[in-house]
Protein chains: 2
Amino acid sequence: MASKNLSKDIEKIAPSTMADVVETRLREYLKRKAFKPGDALPKELELAEALDVSRNVVREALSRLRMLGMIESRKKRGMVLAEPDILGGFERVMDPLILDQNTLQDLFELRLVLEMGLADVLYTRMTDKDLKELEQIVGKEINKVQKPFKVKYEIAFHGKLYQMTGNETFMRFQNMLLPVFEYVVSEEAKINGEAKVGKVTHRDLLELLKTGGPEDFRQGMKEHLSPHFERMKR
Amino acid sequence: MASKNLSKDIEKIAPSTMADVVETRLREYLKRKAFKPGDALPKELELAEALDVSRNVVREALSRLRMLGMIESRKKRGMVLAEPDILGGFERVMDPLILDQNTLQDLFELRLVLEMGLADVLYTRMTDKDLKELEQIVGKEINKVQKPFKVKYEIAFHGKLYQMTGNETFMRFQNMLLPVFEYVVSEEAKINGEAKVGKVTHRDLLELLKTGGPEDFRQGMKEHLSPHFERMKR
DNA sequence: TTCATCATTATGTAGGACAAAATAAAAATA
DNA sequence: TATTTTTATTTTGTCCTACATAATGATGAA
């Protein structure tokens, strides 16, 4: 299949610098030696000597790992392996304005998939307290037809759903996808006019949560998101 | 709610270094000035001077952005903003052995959600060729009961499903989640014994794809993954 | 024994130097 | 004049040295 995005298919000619090499070497080393969080790493100078590069290069590589949260370092005590922040790297590059169109589209779809798959986890974890909070959100939402308000409650409602899964990573993830989602929708609106709204409202979804089962909720959600699904088909 | 994971709730005391500051400053700068891919960045020395730090520090920060694919640089030509690799940062930290237990669990659930949400995109995009390939995979799978083979075809089948979505990001994402999934399952097996298999097989799922609709497929998938869902409830 | 002081050590930051590559400018050739 | 070759320049990549800083351990004084 001839892909639309060449740069994804053909590997970029990367004039790999020493820092690049050292970075992967270090990661390999940590993996091979089965380093665990808390373990102390060799000193910068030792690494530099062992790899036969300058301390400078080692530091550039370490700086990268430090950004990802893989290592922490304090003066004199040296560096220790840490539990990385799984979404940190994601967060930093999640900017609709610099991502290419295909990736944006991919992420848009990803969120749709997440919403559709949410039901089962939701029914496993949700509490009465959650439902009450959701009730409040829906309650405040009525009669808000202006754009900024609509968006605000859209985020509040769906955000609460993710929160109800009790899955922290999940929630952060969706929060990061939000700007992308909004961007894609608004861009689309510029071309094809304002998107229609699905027949199923937030209140309907809440009602389904209270009285229905996962399947009912999922069908409701599908209807709620139907304009976006329509868009996807093109 | 008292969380199980303290380090996620309380912000880590981060003795932020110059490189940290410069990194965020740079990202802010790029965003504020609405840099687009292809635009040339100021020279290292100019940045160093403007920020009043050594070129060394600037380079450490730039090295981070370079790792994320946000910038590319060539000698003499300087640096240009590039389209970052959205999953690059993810890929680098996706190691079951260094991620904490909660995050692993979160990612495990994330994959379950993805599988459940897959159906609609799948029915929108799948081709006859896809189904034939899936047929082949299922065909080779029969009579393979030994562990390593089972895992292999498990990956092949589900991997193909993701590929059928035509969503590159999606596919890469699931590929990265695989090691986590396997790890969690095998760890679980050590404690509670080998997990049972769902009643719905890959062949059944394929049949559903051919003859049924999204809802049927989803129900099948839910059954197929039911042992994992059971595990989740605890 | 306890507290204060000092020495040591590893990371963090600064600055200078030069190599290498890519470009622009200048010179030489057809 | 047009084109190729050579030279100069510029910017990143790498190395080195030096010192500040903070945490640790050792030493010595009360």
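Residues numbered from 1 in each chain as written. Chains lettered and ligands numbered in written order. Predicted model: local features only at pLDDT ≥ 70, side-chain atom pairs only at ≥ 80, totals over all residues. Heavy atoms only, no water.

- As recorded in an unreviewed UniProt entry, chain A goes by the name DNA-binding transcriptional regulator, FadR family, listed as coming from Parapedobacter composti.

Observations regarding the domain arrangement of chain A
Many analyses report the size of an interface as the accessible area lost when the parts associate.
Stage number 1. In terms of domains, chain A is made up of domain 1 (14-81) and domain 2 (89-233).
Stage number 2. A straight line from the C-alpha centre of domain 1 of chain A to that of domain 2 of chain A covers 40 Å. (Domains from an automatic or database assignment.)

Focus on the protein's contact with DNA strand C
Stage number 1. Taken together, 21 residues lie near DNA strand C, and K43, R55 and R59 of chain A together with M18 and S54 of chain B sit nearest.
Stage number 2. Close to the protein, within 4 Å, the atoms of DNA strand C are drawn from sugar and phosphate at a rate of 66%.
Stage number 3. In the environment of DNA strand C, a base nitrogen lies 2.8 Å from a nitrogen or oxygen atom belonging to the side chain of R55 of chain A.
Stage number 4. For the surface near DNA strand C, a count of residues per class yields 4 nonpolar, 5 polar and 12 charged. (Near = heavy atom within 4 Å. Polar contact = N/O pair within 3.5 Å; in protein donor to acceptor, adjacent residues only side chain to side chain. Nonpolar A, V, L, I, M, F, W, Y, C, P; charged D, E, K, R; others polar.)

A short note on the relation of the copies chain A and chain B
Stage number 1. Between the two copies, chain A and chain B, the superposition gives an RMSD of 0.0 Å; the rotation angle is 180° and the shift along the axis is 0.0 Å. These values place the two chain copies in the arrangement generated by a two-fold rotation axis.
Stage number 2. Of all interface residues in chain A, 98% are interface residues in chain B too; the two copies therefore contact each other through one and the same surface. (Least-squares fit on C-alpha atoms with pLDDT ≥ 70 in both. Contact = heavy atoms within 4.5 Å.)

A few points about the interface of chain A and chain B
Stage number 1. Counting from both sides, the interface comprises 63 residues of chain A and, opposite them, 62 residues of chain B.
Stage number 2. Roughly 6,000 Å² is buried in total at the junction of chain A and chain B, and carbon and sulfur atoms are behind 59% of that figure.
Stage number 3. Taken as a group, I86, I98 and V113 of chain A account for 11% of the area that chain A buries against chain B, more than any other trio of residues on that side.
Stage number 4. Linking chain A to chain B there are 10 salt bridges.
Stage number 5. Note that R59 of chain A is salt-bridged to E60 of chain B, the shortest N-O span being 2.9 Å.
Stage number 6. Taken together, chain A and chain B are joined by 20 residue pairs in polar contact (both at pLDDT 80 or more).
Stage number 7. Every element with two or more residues in the side of chain A that touches chain B is listed here: α2 (18-32), α4 (55-67), α5 (88-93), α6 (101-125), α9 (168-192), α11 (214-224) and α12 (226-233) of chain A.
Stage number 8. Here the side of chain A that touches chain B gets 14 residues from one element, more than from any other, and that element is α6 of chain A.
Stage number 9. Within the side of chain A that touches chain B, the residues separate by chemical class into 28 nonpolar, 10 polar and 25 charged. (Buried area = accessible area lost by both parts, 1.4 Å probe. Salt bridge = Lys/Arg side-chain N within 4 Å of Asp/Glu carboxyl O. Helix = DSSP H or I, 4+ residues; strand = E, 2+ residues; numbered from the N terminus.)

Regarding the nonpolar core
Stage number 1. Counting 129 residues, the largest nonpolar core has L161 of chain A together with L161 of chain B as its most contacted members.
Stage number 2. Beyond its immediate stretch of four places on either side in the chain, L161 of chain B contacts L118, L122, L134, L209, F217 and M221 of chain B. (Core = buried A, V, L, I, M, F, W, Y, C linked by side-chain atoms within 4.5 Å. Buried < 20%, exposed > 50% of the residue type's maximum accessible area, 1.4 Å probe, protein only.)

Considerations on the protein's contact with DNA strand D
Stage number 1. Of all residues adjacent to DNA strand D, which total 21 residues, the nearest are M18, S54 and R77 of chain A together with K43 and R55 of chain B.
Stage number 2. Contact distances for DNA strand D include 3.4 Å between a phosphate oxygen and a backbone N or O atom of E44 of chain B.
Stage number 3. Taking R59 of chain B, its side chain carries an N or O atom lying 2.9 Å from a phosphate oxygen of DNA strand D.
Stage number 4. Counting residues per element, the ones that place at least two in the surface near DNA strand D are α4 of chain A together with α4 (55-67), β1 (71-74) and β2 (78-81) of chain B.
Stage number 5. Taken together, the residues of the surface near DNA strand D break down into 4 nonpolar, 5 polar and 12 charged.

Overview of the UniProt feature "domain: HTH gntR-type" (unreviewed entry) in chain A
Stage number 1. What UniProt calls "domain: HTH gntR-type" (unreviewed entry) maps, in this numbering, to residues 16-84 of chain A.
Stage number 2. Measuring from the first to the last C-alpha atom of residues 16-84 of chain A gives 24 Å, for a span that is 52% helix and 12% strand. (UniProt positions renumbered as here; feature names shortened; annotations may be inferred.)

Observations regarding the packing of aromatic side chains
Stage number 1. In this structure the tally under the stated criterion is 12 aromatic pairs over all chains.
Stage number 2. For the pair Y29 of chain A and F35 of chain A, a centre-to-centre distance of 5.4 Å together with 50° between the ring planes defines the contact as tilted.
Stage number 3. Take Y29 of chain A: its relative accessible area is 23%, and that puts it in the partly exposed class.
Stage number 4. These aromatic residues form a ring-pair network of at least three members: F90 and F173 of chain A together with F90 and F173 of chain B. (Phe/Tyr/Trp six-rings, centres within 6.5 Å; stacked < 30°, edge-to-face > 60°.)

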